[in-house]
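Observations on chain architecture
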Amino acid sequence: MNARTTAPGAPTTPGSTPGAVAGISIALAGSGGSGVMTAGTLLLEAAAKAGLYGLMVRTSGPQIRGGEAAALVRLARVPVATLDDRFDVLLAIDWQNVNRFADEIPLDAASMLIGDPDEGETPDVFKATGASFVARPLKKMAKAIPGSWTNMVALGMAGALAGLPAAALEAALRASWKRTDEALKANLAALRAGMDAAAGIDGVPTLPPGRAPDGRRWLISGNEAAGYGAIRGGVRFVAAYPITPATELLEWMAPALAKVGGALLQAEDELASVNMIICASYGGVPSLTATAGPGLALMTEGIGLACSAEVPIVVVDVMRGGPSTGIPAKSEQSDLSFAVSGLHGDAPRLVLAPTSIADCLATTQWAVQLAEALQAPAIVLSDQFMGQSRAIIDRPAEVDFVGRRLTATANAADYKRYRNTESGVSPMAIPGTPGVVYTADGLEHTEAGIPSSQPKDHRTQLDKRERKLLHYDYGRFWADVEGGGAAAVITFGSSTAAVREALARVARMGIEVRLIALRLLAPVQPEKLAAALESVERVLVVEQNHGAQLYRYLRAMYDLPGRPATFHRPGPLPLRPGELTTAVVDWLGASVREREPA
Amino acid sequence: MSPVPKSGGSAATPPTPNAPGTLDEFMAQAWAMEMEAVQRYSDFADAMETHNNLEVAAMFRTMAQYEGKHAVQILEEMGWTEPPRLPEANFAWPGFEAPETASFDDVHYLMQPWHALQLALAAEERAERFFGEIVRVATVESVRSAARELQAEEREHVALVKAWIEKVVKPDPDWANDPDPARYTD
Amino acid sequence: MNDIAPPAALTAANYKSAYKPIWCPGCGDFSVLSSVTKALAKVQVPPHEVVVVSGIGCSSRIPAYTSCYGFHGVHGRALAAGTGLKVARPELTVIVAGGDGDGYSIGGNHFLHACRRNVDLTYIVMDNHVYGMTKGQASPTTEPDWDNKLSPGGTGIRSFHPLVIALASGANFVARAFAGDPNGTAEIIAAGIRRPGFSFIEILSPCITFRPEQREWKQYAHPAPVGPTDDPARAARRIMTDDGFNIGILYAGDRKPYPTQAAEHPASPAELETEFEL
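An account of the accompanying structure is given in this report. (Residues numbered from 1 in each chain as written. Chains lettered and ligands numbered in written order. Predicted model: local features only at pLDDT ≥ 70, side-chain atom pairs only at ≥ 80, totals over all residues.)

**Points about the overall build of chain B**
We apply this condition: Only DSSP runs of H or I reaching four residues or more are called helices, and only runs of E reaching two or more are called strands; each is numbered from the N terminus. Whether a residue is buried, exposed or partly exposed follows from its count of other C-beta atoms within 10 Å of its own C-beta, namely 20 or more, 12 or fewer, or something in between, respectively; the C-beta atoms are built from the backbone. We call two residues in contact if the C-beta atoms placed from their backbones are at most 7 Å apart.
A count of helical and extended segments in chain B gives 4 helices and 0 strands. Taken from N to C terminus, the helices and strands of chain B fall in the order α-α-α-α. Out of the 186 residues in chain B, the part that is buried amounts to 41%. Taking all contacts inside chain B whose residues are at least 6 apart in sequence as the whole, residues at least 24 apart take part in 79%.

**Notes on the interface of chain B and chain C**
Test applied: Lys, Arg, Asp and Glu make up the charged group, whereas Ala, Val, Leu, Ile, Met, Phe, Trp, Tyr, Cys and Pro make up the nonpolar group; the residues left over, Gly among them, are polar.
Taken together, the contacts link 27 residues of chain B with 28 residues of chain C. Of the residues belonging to the side of chain B that touches chain C, the class tally is 12 nonpolar, 9 polar and 6 charged.

**What to know about the interface of chain C and chain A**
Put simply, the rule is: A strand pair is defined by DSSP finding two or more bridges across the two strands.
Tallying the contact residues gives 39 residues for chain C and 48 residues for chain A. For the side of chain C that touches chain A, the secondary structure elements donating two or more residues are β1 (50-54), β2 (69-72), α2 (78-88) and α4 (108-117) of chain C. Counting residues per element, the side of chain C that touches chain A draws most heavily on α2 of chain C, which supplies 8 residues. In terms of residue class, the side of chain C that touches chain A is built from 24 nonpolar, 11 polar and 4 charged. Sheet analysis places strand β15 (residues 439-441) of chain A next to β2 of chain C, joined by 3 bridges and oriented parallel. Counted as the bridge partner of Ala440 of chain A is Phe71 of chain C from β2 of chain C.

**Side note on the arrangement of the chains**
Ranking by contact count across 2 pairs of chains in contact places chains A and C at the top. Nothing in chain A touches chain B, and the closest approach of their C-alpha atoms is 8 Å.

**Examining the sheet that holds strand β4 (residues 89-92) of chain A**
Residue and element names in this part refer to chain A. Put simply, the rule is: Here, axes are lines fitted to C-alpha atoms. For helices the fit covers the stretch in contact, and angles between N-to-C directions go from 0 to 180 degrees.
Read across the sheet, 8 strands follow the order β6-β5-β4-β1-β3-β2-β14-β7 without closing on themselves; strand pairing throughout is mixed. Strand pairing shows two members of the sheet lacking a second neighbour, β6 (132-135) and β7 (217-221), which therefore form its edges. Here the strands of the sheet are splayed against their neighbours by 20° on average, with no regard to which way each runs. With 4 bridges joining them, β4 and strand β5 (residues 112-115) adopt parallel strand pairing. Bridge pairing links Leu91 to Ile114 in β5.

**Some remarks on the sheet that holds strand β10 (residues 287-291) of chain A**
Residues and elements named next belong to chain A. The strand order across the open sheet built from 7 strands is β9-β8-β10-β11-β13-β12-β19, with neighbouring strands paired in mixed fashion. The sheet is open, and its two edges are formed by β9 (263-266) and β19 (520-522), each paired on a single side. Adjacent strand axes in the sheet meet at a mean angle of 25°, parallel and antiparallel pairs treated alike. Note that β10 and strand β11 (residues 313-319) share 4 bridges and pair parallel. Note that in β11 the partner of Leu288 across the bridge is Val314. Across the sheet, helix α9 (residues 270-282) touches β8 (237-240), β9, β10 and β11, and the angle it forms with β10 is around 160°.

**Focus on the packing of helix α7 (residues 222-233) of chain A against helix α8 (residues 247-259) of chain A**
A pair of packed helices is characterised by two quantities: the angle between their axes and the separation of those axes. All names here are of chain A. Put simply, the rule is: Roughly parallel means an angle under 35 degrees; roughly antiparallel means over 145; roughly perpendicular covers 65 to 115; every other angle is labelled oblique. In this scheme the handedness of a crossing depends on how the near helix is turned from the far one: anticlockwise by less than a right angle means left-handed, clockwise means right-handed.
Remark: α7 packs on α8, axes separated minimally by 8 Å, with the N-to-C direction vectors making an angle of 40°. As summarised for this structure, α7 and α8 are arranged oblique, according to the angle between their axes. Judged by the twist between their axes, the crossing of α7 over α8 is right-handed. Between α7 and α8, the contacting residues are Asn223, Glu224, Ala226, Gly227 and Ile231 on the first element and Glu248, Leu249, Trp252, Met253, Ala256 and Leu257 on the second. Broken down by class, the residue content of the contact of α7 with α8 amounts to 7 nonpolar, 2 polar and 2 charged.

**Some details on helix α5 (residues 166-176) of chain A**
Taken together, the buried positions of α5 of chain A are occupied by Ala168, Leu169, Glu170, Ala172 and Leu173 of chain A. Where α5 of chain A is buried, its residues touch α1 (36-49), α4 (150-161) and α6 (181-197) of chain A.

**Here we look at unusual backbone geometry**
One can expect most non-glycine residues to show negative phi and most peptide bonds to be in trans. The peptide bond linking Ala522 of chain A to Pro523 of chain A adopts the cis configuration, its omega dihedral lying at 0°. One non-glycine residue, Ser324 of chain A, lies in the positive phi region at around 50°. On the secondary structure map, Ser324 of chain A appears in the loop between β11 and α11 (336-341). One non-glycine residue, Asn52 of chain B, lies in positive phi territory at about 60°. Along the polypeptide, Asn52 of chain B turns up in the loop between α1 (23-50) and α2 (54-78). In this structure Asn52 of chain B comes out as exposed when scored by C-beta crowding, with 8 C-beta atoms within 10 Å.

**Looking at the packing of α9 of chain A against α2 of chain C**
One can describe the packing of α9 of chain A onto α2 of chain C by two numbers: an axis separation of 7 Å at closest approach and a directional angle of 45°. Viewed along their axes, α9 of chain A and α2 of chain C adopt a mutual orientation that is oblique. Note that α9 of chain A runs across α2 of chain C; the crossing there is right-handed. Here α9 of chain A contributes Leu271, Ala272, Asn275, Met276, Ile277, Ile278, Cys279, Ala280 and Tyr282 of chain A to the contact with α2 of chain C, which in turn contributes Ala80, Ala81, Gly82, Thr83, Gly84, Leu85, Val87 and Ala88 of chain C. For the contact of α9 of chain A with α2 of chain C, the class distribution of residues is 13 nonpolar, 4 polar and no charged.

Have a look at this one:
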């Protein structure tokens, strides 16, 4: 079905970096109604059926529908959580405004542009990369098959170029098909036409066939993973106000919660949603909301209330370009400073950050467990890249993070809601329980919960709220610490995957660099970080924001060896393994000859 | 601030009270009246204590105790071992509340014993008038005679309070003057 | 509590806590507290199954003065809090309380949507036409010509008409009460609690410290000439000729309350995974 001129299993093309993950990166682009997102999703699904892993990132213009869009797909035989440095193929159904994606679709002389000769000139910005050009009349091909769509032709072509078996592509199309059988037939034909159109095209890396899936695999987005993680952790109430790029998390949770006996309530604004979840939690039900930077800003007073009244809540912040309205549909890691310190008063809170799409599940679940155990607010810093991208992952192992709140027993003698216990956690009376009635308060209070302006009470409660977070044993999940060596890179969130690939390349050059991907950002873990930095002489802090927020935070809160260095870049473009490899090599001052992969 | 607490009650013409149909009903209503007064004087005492006006707080506590005694007297007279069950619907008092209940806004944190007694005097006078009305409109003899007794008792209370007033110091015209402005606490 | 004999009926005293209110003597809120306790005694729901949710202001201090569970949240968000609580724990009786500033100014948006949403709550606003806790600024219900420090000469802005807004936004029960009539107010509150859906009760509660002239309200407040209607159009016509002192239930409808029933046979979380599985 697909004629290949390169032998299967051949090494990657000369254009890729030594030590890079063997894979293929294909961008599908087009304007109004061309359906590239659908095609990209199906390409990913077909790859999954073929036993491969992959990642799909979407990008588009500001129009609600029909504007320019591109599906950025990376396929590989191992799980990938970051885009590569470049794309092997940019297949454009048409070129209208596709040039706006030029920065997101890096091409070079080894790349291939595929375009429809009837759909306009290839933009100069792409031509200038030196990529080769192949013309295929995709639209005419689709027109020749009545009832079929151009994006199916493009899908067939892209899939064949990637070396996906026809059966996998067809199966993906059938599985997703929601329209008539006739239309399905036509589009299967279009798919085949596209595959045939790939024949004779050289120079695209092939992907060796994937392993037959031995474990269960999932196709999931970060937003969905976070939502499911929350439910696994015990969340049964969500208040929702839509905001890009968190809306899908909330929308996923609406039917999911109903299925498991919970409830989702749409709020009128974020001021309402945070207060709804606080009081629902006060009522005994683990609760969560999801938002982005602007919504988190509105929620801060509420988060402070949760802190002071010691009511557990989880707020997922799917970070996007900031500040203010910023760049809603693009990713950035620039809410960190706000999350760790953006409350008035001395208000300790939990801040966590998943390190990948798959990790959104476990980290959100952990956040629920911690919030419940510590009766405190937890902010989960996800981001648009993880939230809205879709990846093929191995089914995540189950983790025993389930929210267990310390509650007061009925008629307990001398019950004091905010009793100054050794651990700092005091039993919480749940409404409906007799004999332990109290009033929760944002006002500073005595141990019994009576409002107080006395110095002793303020000091006691401040100490209590801090102590309960500091004295908790967070175990090993606080960070991923990988590798050894005298140099370490510290990062968090979605940058982790790019750093990891970069350090793998650096390792191929014979240099070992440790990776510390922080998952628990607040409260700080001085002992654990010191242990992780054992025998490390220098650190580089990597992050995707303009203000070097993690770097400054670590320098303020931790003792770091030597002179810590920073690599930081704001969004909207994701950090890429290549630029990080260069940054690490430069930082180490090493000059290393590139070697062929072993 | 108005210098003298006004007596409470609605300015609307008080409706003629529906005369209770049975002695039990009437005495239950009288008992409820006393209990409401107990509650009101207790609340006043609490509020005065919170504002460090201990002398007046003590007076209101005393008044609450007196009203409580009157309520117990009613139980004893009727041979009731436990409080009577009150009807679901509210009583039709001449004003919004029972006649012997001082109006919630007749207090001031700087009020003096003389003011408290004026308040009590007005309450007792209203109670006397109320029973007088029952005497006038009652259709059942036992109710009328009970009302007459209670009216006589209220008259005694009025006299007692008046005597008490003579003994306390009359407030200065600027009794309500507080040089400190209000505070912001929340 | 003796668990052999049947529990004695709860009285209003059972719903009062030992904490003495810090309100100024003469404040209408004392009466409202009394009315709330009397209303709960009429309804006979155990205090530990009632939650009083409030915001910030003098009136919002009320939860701790009851023996019910209380949630003293932040300014203006009590309705949101009470809504979340009731949807998560539908079996509880939830009373939301606060003042006119907390409820109609910063809380205005939540007020509109609470009326629309019709969650089974009872919302009590102690309206004294002023911001008391912050020493006497105009509130949304203050008369436009009331002179005060923050807006000398008065705000010049038309006052907010809460009953009109509640009715227009779909509240299922709309009433006005007066602190000077605690027994009547208790009846209205009890009726509101009993009625499924969002019950809104605006209680004129004079502020003796910043609005001493409100002592006159006793003269103006009067029982409404007609009983409640279940016809929103009729209620709308009545409220348009309202003098602001009609006491009683204006509207009592039959809108179905916001549904809060959980799934009968909840699935286990693991069943959600089929959606992701390849």
